[in-house]
Amino acid sequence: GEIEYIESDQHYLNYYLAGIKEPLRERQKISDKCTLLADSGIVRIHKKYAINLKHIKFIDNEYAQVIMKSGKKLPISKTFKSDIKERFKLYLRNNY
């Protein structure tokens, strides 16, 4: 399955894949993984989360969160807010 989002859990990452309930785990830093997967549309939104642009339903600015197509809601921190908005706009422009 395709990565929907990644959650950092201390020294491990949980990979949540589209259509699969249980996450895959790997010992890795989220910053390193985001660098490796940058070309795949994986974008950091929070110190604990990175998301796949393909799986965003919309960005809720009022509550500073991303609503995923699966219904999952993930927080956006101030640090990554403008970046995720720009990247999502670009993604939509290039894919729709």
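Please refer to the structure placed before this passage.
Computed from a predicted structure; not experimentally measured.

Draft legend 1. Molecular detail of the side chain of Ser8. Here Ser8 is to be found in strand β1 (residues 3-9). Take Ser8: its relative accessible area is 12%, and that puts it in the buried class. Discounting residues that sit within four places of it in the chain, Ser8 has contacts with Leu13, Ile30, Lys47 and Lys48.

Draft legend 2. Region of interest: the environment of Phe80. Summarising the element assignment, Phe80 is placed in helix α2 (residues 78-95). Placed 46 residues apart in sequence, Phe80 and Cys34 show a C-alpha to C-alpha distance of 13 Å. In this structure Phe80 touches Arg44, Ile45, His46 and Lys47, once residues within four positions along its chain are discounted.

Draft legend 3. How the structure looks around the side chain of Lys33. Note on placement: Lys33 falls in helix α1 (residues 30-36). Classification of Lys33 as buried rests on a relative accessible area of 14%. Ignoring anything within four residues of it in the chain, the contact list for Lys33 reads Ile6, Leu13, Tyr15, Glu26 and Gln28.

Draft legend 4. The arrangement of the sheet that holds strand β7 (residues 65-68) in detail. The 3 strands lie next to each other as β6-β7-β8, forming an open sheet whose pairing is antiparallel. At either margin of the open sheet sits one strand with a lone partner, and together these are β6 (56-60) and β8 (73-75). The sheet shows a mean angle of 25 degrees between the axes of neighbouring strands, taken without regard to direction. Of the strand pairs in this sheet, β7 and β8 are connected by 3 bridges, and their pairing is antiparallel. Across the sheet, residue Gln65 finds its bridge partner in β8, namely Pro75.

Procedures and definitions
Residues numbered from 1 in each chain as written. Predicted model: local features only at pLDDT ≥ 70, side-chain atom pairs only at ≥ 80, totals over all residues. Heavy atoms only, no water. Helix = DSSP H or I, 4+ residues; strand = E, 2+ residues; numbered from the N terminus. Buried < 20%, exposed > 50% of the residue type's maximum accessible area, 1.4 Å probe, protein only. Contact = heavy atoms within 4.5 Å. Pairing = 2+ DSSP bridges. Axes fitted to C-alpha atoms, helices over the stretch in contact; angles between N-to-C directions.

Honestly, that's just the spatial picture; any functional story needs more than this.
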